[in-house]
Structures are given as structure tokens and as C-alpha cells.
Amino acid sequence: MKNGKRNDCMFELKDRDANGRICKWVVNDHEITTPTIMPVVNPSKMVVSIEDLKKLGAKIIITNSFIIRNSRFKEECVQKGLHEFLKWKGPIYTDSGTFQMFSQGIKDISQEEIIEFQNQIKSDIVTPVDLFTLPDDTKKQAIEKTKETSKRVFAAKQLTKNLVGPIQGGLFLDLRKKACKEIAAADPELFAIGGIVPLMEQYRYKELFEIILTCKENLPAGKPVHAFGAGHPMIFAPLVALGVDLFDSAMYALAAASDRYLTVNGTHQLADLTEFPCNCPECVKTTPEEVRQLPKQDREIILAKHNLYVTFGEIRTIRQAIKENNLWELVQTRLRAHPNLLEAFETVKKHKKYLMKQDLISKKSALFYSGKETEFRPEVLRAKEMIKGMSGQTFLKKPFGKVPTGLKGVYPFGQSIVPGFKEKSAKVDPKDIVRQTIEYQYGFKFKENFSVELSRQTGRIRRVWRGKQLLGTIRANDGFFIPTLEGAKYMDMKKVIVDDEEIAKHVKAGKSLFVRFIDRCDDIIPGEEVAIIYNKEIIATGTAILNKKEISEFQRGVAIKIR
Ligand code: GUN
Ligand code: ZN
């Protein structure tokens, strides 16, 4: 415990792709999987019932403590607690009223009172009264609000556990960066990027992406990051790829109330629809014309449910894309929903140094060239950097440029589908393939004598020997050289150091290495093959699940999968 109250939460990375991640998040004994979306529940206006929210896929909900406190439900809520009052057993996140101060011009709410109220109603996640920074704020205004927000987060930390750390700063990236450092020092349970609703309403995605990436770069990696007020399914995939773990949606209900119909490609007016372009249970049983004839209340329920089906459907689509390692491919299709989204993707190039350390070095899915923006995906930029300075014959493949011929079977050069590219069947010496693959992966020239064993069926390299000693194998799916423990001694692999004998024993037995047992490590990238060192000796090799920053910032979970 750094200061203030101790959090009752745990956050652990399970799978990843792009800068997105699938994590297990335990909040007061409730376990959920991120990325996810938290539907906003307003007890005064329940368009979709709690049972239906559950059926549609909600695992955590968010409600507004300020609204409840000013409602006729206040006493009942205090008496029963939120969970019993709402009949919701899972985790409940409460917001503070910051957004109401901004959008309804309500004057400053007492932070102490509202935090105490959140505790009284037994909220699982408590929000301080941060000050909403606007895109139009002058620097001076933004500085003041951001400073005051920091003060309030520190003060709130003394009053509650499981606190949200809101990041403000308007459009000023230096302020956002400073806010990240300050708020992180208060050690909240999660971070929430605030003041972004106007940007989303105005389709100002470039500024939105810039803010999110700036925050992600400057926040500790081991806590969830929430994008306050992001509820349109069109932007979920891009935002997850940039690193957002949590969304909240009032959008499903707000849109329904004004006859709007959400899709992953944007919003339709009910008045404009002749067909429902969706297969959800609501859409298949009726038509837009029929829905238009319904009384407002009934219309609203159907639209809200459809909006939620689409919303949760997109979350599942994103998680599956992370599992298959084709999240960028999904993002590239989603970017076509709005020209400003496509334009905003350039921000990724600006943050390449950060993203190149986040994204997997090898993927289960082939890289699809699906437009010019493919050229600044982190895997592409990194692969281009890794082949810089390598010598010998090359072949030309967009978007990588001149690629050493020995790497024609190595990810991503061999596992990428690019329109117009035709592979020439040039013969390459298997030894050159091994040497260049090692140079590509480990960054040094392999000078040892070795022999190569080819597969009789495919003619591809299977094993690499040094006399009778097996040095390693070439992995079939990505062409990577995977050294044996013996082979590792001839490699210049990145190192992960453990300093505990018991842990070293477990690692030698092939057990996964957890973050908290690592003493220190090189600048490793997710997916890389690394050497585990104990007492200056290589005791095992394994695949990195986390990078260096994450190893030092996550408190739990597997860091290296041992071979
Ligand atoms: N809801 C939407 N934006 C914000 C924000 O910046 N702060 C808080 N507390 N809630 C929000
Ligand atoms: Zn539908």
C-alpha cells in the first residue's frame, strides 16, 4: 500500500494483440473479463430491465451516484445498498456527477459528500469529483482543472478504496502526460480518461486517439483504463487496439430515446430505415415500418435492446480478434465507417516507439494488407527496422520494402497477404535461412558451424544441429528459430533474471514464470523467445507474454511461458 486505502482488486493479462489485451479483473470478489462495456443504468428511467441487461451480456454496470442522490430512490438505496436495490449481483461502478456539472451547469458538488454517499450505497468502484476539461478550454483553464482533479484524487484516496483516477487535461498533451504521472502516484484502482465526450460527439477522432495514446504511454500498464463516455460500438475496436479496457454506454439508451439505431458502421435514424441491417432477436422479428408505428415507449425498448445486442456483439468480436491475433485487421475494416477514423489512424505512426514494444513479435494470423494505413501498423514498422542493416540478396514486398531472401518464410514477411505480390521460387540455401532468421530475431550474426535437417515431406528446415547437439528448431507457422536450452547458450537472447532458488527450481521444471518472481529483465517484447537466468546461468527458455514495462507494473500473472 503506497498511501490511502488498499484496493480490493486484481488485474491480470491473459491474451493480447495490437495494444489491446484480454484481462481478468477481480473487483471485490467479482471476476470479469476485459475489454468490456458497462451499460449505464438510471433507476429513474429503466428502458431495459436488469434481467435483460444480464441476458444481453452485461457483467458490470455503471450508475450515477449524483443522480441517485437527487432522486426519490436515495433513502431506499442507502438502506438496501445498490446491489439489492438494483437486484444486480455483479460489480457496480458509480460515477460522481462530474459530467452533470459540465452538461447541466450544476455548480460544484461536494466531493466528500458524494464519495461518502458512494460508500454508503456500497459501490464497488468509486469516482471522485474530477473537473471536466473541454476541448475549448484555454491552457490556463485546463491547467487549473487538471491540478484540482489531482488534488481531489489524492483526497479521495484517503476516503475510499477502489477509487477511479480520472485523467483530465483537455487537448493539451503535456497536461495529459503530467496528469497521468500525478494520478498514478495516488495509486487508484483504475484510470479513466475524461473530457473526451465532446470529441466523440464531434467526430474528432484524431484528437481522441492522440489523447488516448498519450495517456496509455504515460500510465502504468497494470491497471484497467476506462474511456469515460465512450459507448458507440463503431469506435470500440480502434480504442481497444490503442489500449482501452473499459467502456461505458448510455449511448444505447440515449440513441433509442431519439429513434437512433446503432451499428458498427455508424448510426441510422429509424425514419431512414427500410430494412434492419442486423440479425439480433429484436431485428429479425419485426421491420422498421412496424417499429415506427409503435408507441414511443415500445419503440424505445426495441431500439435500446438492438443497440445493446450490437454493443455486446462488437465486444465479443473484438475479444475473438485478440485471440486470433487479427485485431488490426478488424480495426482496418472499422476505420472505413468514417473518414475521420481513417485519418485518425495516423496517430499510430506518431506513437510507433511505444506501440512497437507492445505489439506481438509474431502472430497466429497472417497480416492482411488492407489499405495504405497498413504501412504504419507497429508490426510492419518494427519488421522494417529489424531488417535494416542485414545484407545479402533481397526480394521486394510491400509494405516492407527489400526483404532478405532468407526471411521469406518468417513472420510477417511470409505470413502477409498483399495484393499484387507474387512470390518468386528462388532457391535459398537453408543455412542462409537459419543465419538470417537468427539475425532477424536476436539481432546478431550467428558464426557457429552447424548443420540443417530438412523435412522429407515438405523440404523445409526442421532442426538445426551443432554436431550431435540440437541447437533448435524452425517453427512451422512463423518460421521463427526456437533454440533449445543448449542452443540458447550460442544465442544472444534477451535475459530475464530470477534470484530465488525455489523459483529457479520451478522454472527448470517448466512452470510458468510469474511477474512477481522476476528480479529484472532486458527490454523484451511480447512474443519474443527469452533466456531465463539464475546465478549467471541460463536455466530455461520461454516466450514472453509481457514486455519489460508490464513486468515491472503488473502485480500478477504470467510473464514468461517456459518451454
Ligand atoms: N463521464 C463522461 N466524461 C466524464 C469525465 O470526464 N469525468 C467523469 N467523472 N465522468 C464522465
Ligand atoms: Zn438488431
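Structural data are supplied above this passage.
Residues numbered from 1 in each chain as written. Chains lettered and ligands numbered in written order. Predicted model: local features only at pLDDT ≥ 70, side-chain atom pairs only at ≥ 80, totals over all residues. Heavy atoms only, no water.

Q: Explanation requested: the sheet that holds strand β24 (residues 520-521) in the structure shown.
A: The strands making up a sheet associate through backbone hydrogen bonding, with each pair oriented either parallel or antiparallel. Taken together, the 6 strands give an open sheet; going across it, the order is β23-β27-β26-β25-β22-β24, and neighbouring strands pair in mixed fashion. Each end of this open sheet is capped by a strand with a single partner; those strands are β23 (513-514) and β24. In terms of strand pairing, strand β22 (residues 494-497) meets strand β25 (residues 529-534) through 4 bridges, oriented parallel. Within β25, the residue paired with Val496 across the bridge is Ile532. (Pairing = 2+ DSSP bridges. Helix = DSSP H or I, 4+ residues; strand = E, 2+ residues; numbered from the N terminus.)

Q: Looking at this structure, how should I read the environment of Lys147?
A: Topologically, Lys147 is positioned in helix α7 (residues 139-157). Note on Lys147: relative accessible area 54%, which makes it exposed. Separated by 144 residues in sequence, Lys147 and Val291 have C-alpha atoms that sit 49 Å apart. (Buried < 20%, exposed > 50% of the residue type's maximum accessible area, 1.4 Å probe, protein only.)

Q: Where do I start with the coordination of the zinc ion (ligand 2) in this structure?
A: By definition of the ideal shapes, a tetrahedral metal site with four donors has angles of 109.5 degrees and an octahedral site with six donors has angles of 90 or 180 degrees. Donor atoms from the polypeptide that bind the zinc ion (ligand 2) are Cys278 (SG), Cys280 (SG), Cys283 (SG) and His306 (ND1), placed at 2.1 to 2.3 Å. Coordination at the zinc ion (ligand 2) is tetrahedral: its 4 donor atoms span angles of 97 to 120 degrees at the metal. Site description for the zinc ion (ligand 2): donor spacing in sequence, C-x1-C-x2-C-x22-H. Placement of the pair is Cys280 in the loop between β13 (266-269) and α13 (281-284) and His306 in helix α15 (residues 296-324), with a sequence separation of 26 residues. (Donors = N, O, S within 2.8 Å, 3.2 Å for Na, K, Ca; no water. Tetrahedral: all angles 85-135°; square planar, octahedral: opposite > 155°, others 65-115°.)

Q: Help me out: how do you make sense of the pattern of salt bridges in this one?
A: Where charged atoms from two side chains of opposite charge come close, those side chains can pair. Scanning all chains against the criterion turns up 44 salt bridges. In this structure, Arg21 and Asp245 form a salt bridge, with 2.8 Å as the shortest nitrogen-oxygen distance. Of this pair, Arg21 sits in strand β2 (residues 20-27) while Asp245 sits in the loop between α11 (236-242) and β11 (246-249), placing them 224 residues apart in sequence. Owing to a relative accessible area of 0%, Asp245 belongs among the buried residues under this scheme. Several salt bridges share partner residues, and in doing so they unite Asp17, Glu329, Asp359, Lys363, Arg377 and Glu379 into one network. (Salt bridge = Lys/Arg side-chain N within 4 Å of Asp/Glu carboxyl O.)

Q: Just to check I follow, could you spell out the packing of aromatic side chains for this structure?
A: Any aromatic ring pair is given by two values, namely how distant the centres are and how the planes are angled relative to each other. According to the stated counting rule, one finds 13 aromatic pairs in the structure shown. Summarising the aromatic geometry, the rings of Trp328 and Phe345 are spaced 5.5 Å apart at their centres and angled 80 degrees between planes, so their arrangement reads as edge-to-face. Remark: Phe345 occurs in the loop between α17 (339-344) and α18 (347-350) and Trp328 occurs in helix α16 (residues 327-334); sequence separation between them is 17 residues. Assessed through its relative accessible area of 1%, Phe345 is described here as buried. Measuring from centroid to centroid gives 5.3 Å for Phe413 and Tyr440, while their planes differ by 65 degrees, and the two rings are edge-to-face. One end of the pair, Phe413, is in the loop between β16 (401-404) and β17 (416-417); the other, Tyr440, is in helix α21 (residues 430-442), and 27 residues separate them in sequence. Both residues of the pair, Phe413 and Tyr440, count as buried. (Phe/Tyr/Trp six-rings, centres within 6.5 Å; stacked < 30°, edge-to-face > 60°.)

Q: Hey, could you run me through the packing of α7 against helix α8 (residues 173-185) in this one?
A: Packed helices, taken two at a time, are described by the angle between their axes plus the distance between the axes. Running from amino to carboxyl end, α7 crosses α8 at an angle of 10 degrees, the nearest separation of the two axes being 9 Å. The angle between α7 and α8 falls in the class roughly parallel. Seen from α7, the contacting residues are Lys139, Ala142, Ile143, Thr146, Ser150, Val153 and Phe154; seen from α8, they are Asp174, Leu175, Ala179, Glu182, Ile183 and Ala185. For the contact of α7 with α8, a count of residues per class yields 8 nonpolar, 2 polar and 3 charged. (Axes fitted to C-alpha atoms, helices over the stretch in contact; angles between N-to-C directions. Parallel < 35°, antiparallel > 145°, perpendicular 65-115°, else oblique. Contact = heavy atoms within 4.5 Å. Nonpolar A, V, L, I, M, F, W, Y, C, P; charged D, E, K, R; others polar.)

Q: In this structure, what is going on with helix α23 (residues 501-508)? I would like to understand it.
A: Two residues of an α-helix separated by three or four positions point the same way, owing to the 3.6 residues in each turn. Looking only at α23, the buried set comprises Ile503, Ala504 and Val507. Looking straight down α23, one finds that the buried residues subtend no more than 100 degrees of arc, so they occupy a single side. Those residues of α23 that are exposed and angled more than 90 degrees off the buried face are Glu501, Lys505 and Lys508. Check the buried side of α23 and you find it contacts β23, β25, β26 (537-544) and β27 (558-562). Sitting at the head of α23, Asp500 places a side-chain oxygen 2.8 Å from the backbone nitrogen of Glu502. (Arc of directions from axis to C-beta. Polar contact = N/O pair within 3.5 Å; in protein donor to acceptor, adjacent residues only side chain to side chain.)

Q: What is the right way to look at the site of ligand 1 in this model?
A: Close to ligand 1 lie Asp95, Ser96, Thr98, Phe99, Thr127, Asp130, Phe132, Gln168, Gly194, Gly195, Val197 and Phe228, which account for all nearby residues. One of the side-chain N or O atoms of Asp95 is found 2.7 Å from a nitrogen atom in ligand 1. Take Asp130: an N or O atom from its side chain is 2.8 Å from a nitrogen atom of ligand 1. Contact with the protein chains covers 96% of the free accessible surface of ligand 1, which is 280 Å². Of the residues assigned to the shell around ligand 1, the class counts are 4 nonpolar, 6 polar and 2 charged. (Near = heavy atom within 4 Å. Areas by Shrake-Rupley, 256 points an atom, 1.4 Å probe, with all protein chains shown as cover.)

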